[in-house]
Amino acid sequence: MPSIQACLFDLDGVIVDTAQYHYIAWRELANGLGFDLSIEQNELLKGVSRMESLEIILGIGGVQMPEEEKLTRAAIKNARYLELCMQMTPADTLPGVRNFLDELKQNSIRIGLGSASKNARAILERIDMLAYFETIVDGNRITKGKPDPQVFLLGAEDLNTPPVSCAVFEDAVAGIQSAKAAGMLAVGIGQASVLTEADVVVPGFTNFSLSHLEELAASL
Ligand code: BG6
Ligand code: MG
């Protein structure tokens, strides 16, 4: 594989741990409909768009509702989610992320975001990380969600970098599939037993450096 010229990052679960806030807000929605949502069920929602997540949750509860009510409930969930996110500070950026992004910048590796979230800019601003990203491909821009490669292909295009020279950092199975379908190096953030299609899986960015990434790219 050629050397890496650009890195594309998922947001939720890679840059910052927002899954806990998504869970609280979705659980409140489920409880309001008379059923509960377990932490294991919440895992099914990682990397999945807001409206697709709602469909999965309604399926879990065996609840049906008109499209208009779905939009209203999703909007209420999002308002609650954003309210919870406002508790975050720059200290909530996941360990090692800032150092790794600084190292990329120092080595002229281009940096982009590839996220299903429509709140990506607001979250990055909240944790003071917006300035790192040369491009943001988010849920407002994509027409096909992960595992479709669109989100990362658009990021590569914005950064004028061929997909084969891009690395993707992802915590969701659908996100790893999206990266591989885009022809990119996929670094899983989490557990190897879950992210089985990733080229490599690391628990997080602590102790991870550009030299690790380059070694990996050279070995493929
Ligand atoms: C993804 C999260 O990054 O964004 C999902 O992993 C979430 O859990 C999705 O549903 C959409 O996010 P938002 O902020 O647009 O509701
Ligand atoms: Mg994620």
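Everything numeric in this text was worked out from a predicted model, so none of it was measured.

1. So, the side chain of N119
Its location among the elements puts N119 in the loop between β2 (110-114) and α6 (120-126). At a separation of 2.9 Å, a polar atom in the side chain of N119 contacts the side chain of N78. Apart from residues lying up to four places away in sequence, N119 is in contact with R50, N78, Y81 and L82.

2. Here we look at the site of ligand 1
Taken together, 15 residues lie around ligand 1, and D12, V48, S117, K118 and N119 are the ones closest in. Between ligand 1 and the protein, one listed contact pairs an oxygen atom with a backbone N or O atom of V48 at 2.7 Å. One of the side-chain N or O atoms of N119 is found 2.6 Å from an oxygen atom in ligand 1. For ligand 1, the accessible surface in isolation is 400 Å², of which the surrounding protein chains cover 97%. When we break the shell around ligand 1 down by domain, the ones giving at least three residues each are domain 1 (6-17 + 90-219) and domain 2 (19-85).

3. Here we look at the coordination of the magnesium ion (ligand 2)
Surrounding the magnesium ion (ligand 2) are the protein donor atoms D10 (OD), D12 (O) and D171 (OD), at 2.0 to 2.1 Å. Binding-site remark: the magnesium ion (ligand 2) is held by donors from one chain whose sequence spacing is D-x1-D-x158-D. Judged by its relative accessible area of 5%, D10 is buried.

4. Some thoughts on unusual backbone geometry
Of note, the bond from K146 into P147 is cis; its omega dihedral lies within 30 degrees of zero at 15°. The topology assignment puts P147 in the loop between β3 (135-137) and α7 (150-158). Look at N160: it is not a glycine, yet its phi comes out positive at around 50°. In this structure, N160 sits in the loop between α7 and β4 (166-170). Given the relative accessible area of 67%, N160 is considered exposed. Of note in this structure, N207 is not a glycine but carries a positive phi near 70°. Topologically, N207 is positioned in the loop between β6 (200-202) and α9 (210-219). For N207, a relative accessible area of 70% puts it in the exposed group.

5. Remarks on the domain arrangement of the protein
It is common to report an interface's size as the accessible area lost on association of the parts. For the protein, the assigned domains are domain 1 (6-17 + 90-219) and domain 2 (19-85). Every contact between the two is made by 10 residues of domain 1 and, on the other side, 11 residues of domain 2. In total, domain 1 and domain 2 occlude about 950 Å² of area from one another, counting both sides; carbon and sulfur atoms represent 46% of this. The largest share of the area that domain 1 buries against domain 2 comes from D17, N119 and I123, three residues that together contribute 44% of it. Connecting domain 1 to domain 2 are 0 salt bridges. Where domain 1 meets domain 2, there are 3 residue pairs in polar contact (both at pLDDT 80 or more). Here the residues of the side of domain 1 that touches domain 2 are counted per class, giving 3 nonpolar, 1 polar and 6 charged.

Conventions adopted
- Residues numbered from 1 in each chain as written.
- Chains lettered and ligands numbered in written order.
- Predicted model: local features only at pLDDT ≥ 70, side-chain atom pairs only at ≥ 80, totals over all residues.
- Heavy atoms only, no water.
- Helix = DSSP H or I, 4+ residues; strand = E, 2+ residues; numbered from the N terminus.
- Polar contact = N/O pair within 3.5 Å; in protein donor to acceptor, adjacent residues only side chain to side chain.
- Contact = heavy atoms within 4.5 Å.
- Near = heavy atom within 4 Å.
- Areas by Shrake-Rupley, 256 points an atom, 1.4 Å probe, with all protein chains shown as cover.
- Domains from an automatic or database assignment.
- Donors = N, O, S within 2.8 Å, 3.2 Å for Na, K, Ca; no water.
- Buried < 20%, exposed > 50% of the residue type's maximum accessible area, 1.4 Å probe, protein only.
- Buried area = accessible area lost by both parts, 1.4 Å probe.
- Salt bridge = Lys/Arg side-chain N within 4 Å of Asp/Glu carboxyl O.
- Nonpolar A, V, L, I, M, F, W, Y, C, P; charged D, E, K, R; others polar.

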